[in-house]
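Remarks on the overall topology
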Amino acid sequence: MYSKSNINKILDYGLDYILSTDWRLQKSQLLSRTPEQLSLLDDVGILEWEDDGKRFIGCSSKWRKRREMKRRIQGIKTVKNELKMLKKTAAKGSYYTWNSLYKKIEDLLKSAGVKDLWNITIKPLNQDNTPDEKGKFDLEFSLDKKALKERKKREGKFVLETSVDKDDKTAEEIKEAFMKQPQIERAFRNIKSFLKIRPVYHWKERRIKAHVLICFLAFYLTKKAEMKLRENGITREAVEVIRDWEKLRLTEITLNTGKDNLHEWQWQMGETGTRVKKEISDVGWWRSIQGYKRSILSDLEK
């Protein structure tokens, strides 16, 4: 999402954006703040500034800080133990090439989330070995104290970039809007899975747009239904409720009286059916379900 072309496209449509910056920009923006500014950010929880004509909102979270600190400490501990074992193995026998050992260490640091916190040196014990030739190596490693200090300064903090004008929304309102991100992500998840916006089999632009429009109209109806459910005390997601309602089944009933055969279709009303019917009736949509039943029977007659 965070690319210049996407941002320009948003602005071209006359819209505004609130984005969490990528980690490189976030790192540079936070480290360019003075110690006093970062201290204020810790105390107040929010800080605003402009850089190169762009509006940035720095945010601080105590919960995020505890989580990131815990991950850092655990990551350093895990890497240190693994590097100690690798040091012994690499010096004892010809198990690795220089390239394979470097790749193994790189993957270890990356998976632990502490790649920027270590100084690593790999020295071949046999100087005649090529980087692709197995041999014995001396592995030296140490924590980068400067990088560790910078990491601690950034922990718990994140930076938002927005095109929204100060007169339209304050920094606090920008942060509050961004914190609704889980709801937005859930909405897109529903559109992609429940409403099946993907896969798209169309090639022409107008057909692709029509496909997306139908999915968003379906999402709009789903959200309207969810609001109606909330009014009636049903707190589950609309998607969950609709999937539950799909358990309602039409059953064909035939009764042979000797002279006449009585034949009709009815909703299956076991324990699940009765509960679902009551829930639909409480919301005021049972007439719609009955209309759906008539449309099904009409199709069957055809």
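Everything below is about the structure shown above.
A brief structural summary. Everything numeric in this text was worked out from a predicted model, so none of it was measured.

**Considerations on the sheet that holds strand β1 (residues 18-20)**
With respect to topology, 4 strands assemble into an open sheet ordered β1-β6-β3-β2, the strand pairing being antiparallel. Edge positions in the sheet fall to β1 and β2 (46-51), since each has one partner strand and no second. Between one strand axis and the next, the sheet turns through 25° on average, direction left out of account. Contacting β2, β3 (54-60) and β6 (157-162), helix α3 (residues 35-44) crosses the sheet at an angle of about 140° to β2.

**Some words on the nonpolar core**
Core analysis: the biggest nonpolar cluster contains 18 residues, and V79, L83, L86, L101, I105, L117 and W118 have the highest contact counts within it. For this core, the element with the highest residue contribution is helix α4 (residues 62-92), accounting for 5 residues. If we ignore the near neighbours within four places in the chain, the residues touching L117 are R72, I76, S142, L143, D144, A147, L148 and R151.

**Section: a negative patch on the surface**
A cluster of like negative charges, contributed by D16, D165, D167 and D168, occupies part of the molecular surface. Along the chain, D167 turns up in the loop between β6 and α7 (171-178). Residue D167 is classed as exposed on the basis of its relative accessible area of 73%.

**Section: a positive patch on the surface**
Judged by side-chain charge, K80, K84, K88 and K92 come together as a positively charged surface patch. Along the chain, K88 falls in helix α4.

**Side note on helix α2 (residues 23-31)**
Listed in full, the buried residues belonging to α2 are Q26, Q29 and L30. An end-on view of α2 places all buried positions within 95° of arc, on one side of the element. The N-cap residue of α2 is D22: its side-chain oxygen and the backbone nitrogen of R24 are 3.1 Å apart.

**Side note on a nonpolar patch on the surface**
Residues I184, F188 and F216 make up a contiguous nonpolar surface patch of roughly 280 Å² in combined accessible area. Position of F188 relative to the elements: it lies in helix α8 (residues 181-192). The class of F188 is partly exposed, set by a relative accessible area of 44%.

What counts, and where the lines are drawn
Residues numbered from 1 in each chain as written. Predicted model: local features only at pLDDT ≥ 70, side-chain atom pairs only at ≥ 80, totals over all residues. Heavy atoms only, no water. Pairing = 2+ DSSP bridges. Helix = DSSP H or I, 4+ residues; strand = E, 2+ residues; numbered from the N terminus. Axes fitted to C-alpha atoms, helices over the stretch in contact; angles between N-to-C directions. Contact = heavy atoms within 4.5 Å. Core = buried A, V, L, I, M, F, W, Y, C linked by side-chain atoms within 4.5 Å. Buried < 20%, exposed > 50% of the residue type's maximum accessible area, 1.4 Å probe, protein only. Patch = residues over 30% accessible without salt bridge, like charges linked within 9 Å, V, L, I, M, F, W, Y side chains within 5 Å. Areas by Shrake-Rupley, 256 points an atom, 1.4 Å probe, with all protein chains shown as cover. Salt bridge = Lys/Arg side-chain N within 4 Å of Asp/Glu carboxyl O. Lys, Arg positive; Asp, Glu negative; His and termini not counted. Charge placed at Lys NZ, Arg CZ, Asp CG, Glu CD. Arc of directions from axis to C-beta. Polar contact = N/O pair within 3.5 Å; in protein donor to acceptor, adjacent residues only side chain to side chain.

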